[in-house]
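# A closer look at the structure
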Number of protein chains: 2
Amino acid sequence: MTEAERRVRPREQRYSLEELLHVVAQEFLRRGYDATSMEDLSRATGRTKSSIYHHVSGKEELLRLAVARALDALFAVLDEQDAQEGPAVERLEHVLRASVRVLAAELPYVTLLLRVRGNTEAERWAVQRRREFDRRLTALVRTAVDEGDLRDDLDPALVTRLVFGTVNSLVDWFRPGSGHGRQQVEDTLVAMVLEGLRA
Amino acid sequence: MTEAERRVRPREQRYSLEELLHVVAQEFLRRGYDATSMEDLSRATGRTKSSIYHHVSGKEELLRLAVARALDALFAVLDEQDAQEGPAVERLEHVLRASVRVLAAELPYVTLLLRVRGNTEAERWAVQRRREFDRRLTALVRTAVDEGDLRDDLDPALVTRLVFGTVNSLVDWFRPGSGHGRQQVEDTLVAMVLEGLRA
């Protein structure tokens, strides 16, 4: 055992795969996925590379696990009862609020998901699942228009992009536990998007 | 003159500083600023490093020039007559529309500006100017509330972040000349933010 290994060992033992992923996601965000090496991940997590390879095949699998965490949480929102039953406009409001909650709870993973551009197989898979999520949101907006609860003079696909663009923009500044609280952000966002800012 | 220099010379002669900046901004976006070397910039622009150093002191000055381009265009919006005169809610609408136009016209520079995190002096300077821009927007929203044209039950600073978060999110998907047109994006954004989506 080298001196470096001796130093990292105690920290290593505390890491579960979940804790590992959390640090890995932060590293990917800080350095960019392409620029991050397994060496960097080993240093940041305090684990030897072989102990990381014990769990995953490499950094692409780590990226896949990290973005899957965000995607699974977002898709789970669509399966919640309040997203399945009732008028589409109320289901949309529920999905909006729940998306803010997912973003707050899974901030590094959602941020990573939003930065993914599709250069590797894992990234292309994430981009495809994002598109599927967007399609389901657009369908929900379209249903709300058809039910007469949302204005019918706007394009549902464009409206969906703008609405969830607003949600996504939260990753740039929203930090749970400091500044504006999650409930206030959720309420203000829903008020702006559905009712508008005019007095 | 080496073989490499001979090959790049004809292309180099066509480049103005503006064209240089455009390619540099794309490189910074593609690789990340930290990961981009002067070597990379030399390769991407087809200029020798010494010819780049003839214009600027290094990659930090290139970053500064690139984000200054976005910042200057955005601050210029605030000085336009329609942003200076009339009810604040109309000035806000003008700033919103003009910001979308700046974003469309200066897409790589605005995208770069939004990614800047403040690790170098140029980045810290850009972050400070962004904050100053946000302060002026928040003041505009607050005035519109005081004039009775925007609802007074929402926090102006939070409203400003959400509204311009929506504008900023356009860099993720809006590509002038393909998909939804700029005018439609502008109109839909203003409709959503000011009037809301409810029928």
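Computed from a prediction, not measured in an experiment: that's the story for all the values here.

## Here's the deal with the overall build of chain A
- When helices and strands are counted, chain A shows 11 helices and zero strands.
- Going residue by residue from the N terminus, the α and β elements of chain A occur as α-α-α-α-α-α-α-α-α-α-α.
- Each principal axis of the C-alpha atoms in chain A carries an extent, and together these give about 70 × 35 × 30 Å.
- Burial status across chain A gives 34% buried among its 199 residues.

## Some details on the relation of the copies chain B and chain A
- Rotating chain B by 180° and moving it 0.0 Å along the rotation axis overlays it on chain A with an RMSD of 0.0 Å. Expressed as a symmetry operation, the mapping of one chain copy onto the other fits a two-fold axis. Within chain B, the C-alpha atom positioned nearest to the axis of rotation is that of B:Gly196, 1.8 Å from it.
- When the interface residues of chain B are mapped onto chain A, 97% of them again fall at the interface, so both copies present the same face.

## Re the domain arrangement of chain A
Residue and element names in this part refer to chain A.
- Looking at chain A, the domain boundaries give domain 1 (3-55) and domain 2 (64-195).
- If you average the C-alpha positions of domain 1 and of domain 2, the two centres end up 30 Å apart.
- Each partner contributes to the interface: domain 1 provides seven residues, whereas domain 2 provides six residues.
- For the side of domain 1 that touches domain 2, the per-class residue count stands at five nonpolar, two polar and no charged.

## Examining the interface of chain B and chain A
- Every contact between the two is made by 34 residues of chain B and, on the other side, 33 residues of chain A.
- Of all the secondary structure elements, the ones that give two or more residues to the side of chain B that touches chain A are helix H10 (156-169) and helix H11 (182-195) of chain B.
- Its residues assigned to classes, the side of chain B that touches chain A shows 16 nonpolar, 10 polar and eight charged.

## Details of the confidence of the model for chain A
- Predicted confidence across chain A gives a mean pLDDT of 91, with 92% of residues reaching 70 or more.
- Confidence drops under a pLDDT of 50 for residues 9-14 of chain A, and excluding neighbours within four residues, the segment shows four contacts in the predicted structure.

## Structural notes on the nonpolar core
- By size, the foremost hydrophobic cluster in this structure holds 97 residues, and its most contacted members are A:Ala66, A:Val67, A:Leu113, B:Ala66, B:Val67, B:Leu112 and B:Leu113.
- Here the element with the most residues in this core is helix H7 (residues 88-105) of chain B; it accounts for eight residues.

## Some points on the environment of A:Thr166
- As for its placement among the helices and strands, A:Thr166 is situated in helix H10 (residues 156-169).
- The exposure class assigned to A:Thr166 is buried, which follows from the 26 C-beta atoms found within 10 Å.
- Each C-alpha atom, one on A:Thr166 and one on A:Leu189, is 8.0 Å from the other, the two residues being 23 residues apart in sequence.
- Contacts of A:Thr166, omitting those with residues within four sequence positions, involve A:Leu189, A:Val193, B:Leu162, B:Gly165, B:Thr166 and B:Ser169.

## Section: the packing of H7(B) against helix H9 (residues 121-146) of chain B
All names here are of chain B.
- H9 packs onto H7 with a crossing angle of 145° between their chain directions and a minimal axis gap of 8 Å. For the pair H7 and H9, the crossing hand works out as left-handed. Residue-level contacts link Ala88, Val89, Arg91, Leu92 and Val95 of H7 to Leu137, Leu140, Val141, Thr143 and Ala144 of H9.

About the criteria used
All residue numbers refer to positions counted from 1 along the written sequence of the respective chain. Each chain gets a letter, beginning with A, and each ligand a number, beginning with 1, in the order they are written. Two thresholds apply to this predicted model, a pLDDT of at least 70 for residue-level local features and 80 or more for giving and counting side-chain atom pairs, whereas whole-chain, interface and lining totals are computed over all residues. Numbering of helices and strands runs from the N terminus, with a helix taken as a DSSP run of H or I at least four residues long and a strand as a DSSP run of E at least two residues long. Here a residue counts as buried when 20 or more other C-beta atoms fall within 10 Å of its C-beta, as exposed when 12 or fewer do, and as partly exposed in between; the C-beta atoms come from the backbone. When the copies are overlaid, the least-squares fit takes in C-alpha atoms only where the residue has pLDDT of at least 70 in both copies. A pair of residues counts as a contact when their C-beta atoms, built from backbone coordinates, are separated by no more than 7 Å. An automatic or database domain assignment supplies the start and end points of every domain. Note on residue categories: nonpolar means Ala, Val, Leu, Ile, Met, Phe, Trp, Tyr, Cys or Pro, charged means Asp, Glu, Lys or Arg, and polar means any other residue, Gly included. Confidence per residue, as judged by the predictor, is encoded in pLDDT with a range of 0 to 100. In plain words, the nonpolar core is the set of buried Ala, Val, Leu, Ile, Met, Phe, Trp, Tyr and Cys residues that C-beta atoms within 7 Å link up. Axes, fitted as lines to C-alpha atoms, cover a helix only where it is in contact. Angles between the N-to-C directions of the axes lie from 0 to 180 degrees. Rotating anticlockwise by less than a right angle from the far helix to the near helix defines a left-handed crossing, while the corresponding clockwise rotation defines a right-handed one.

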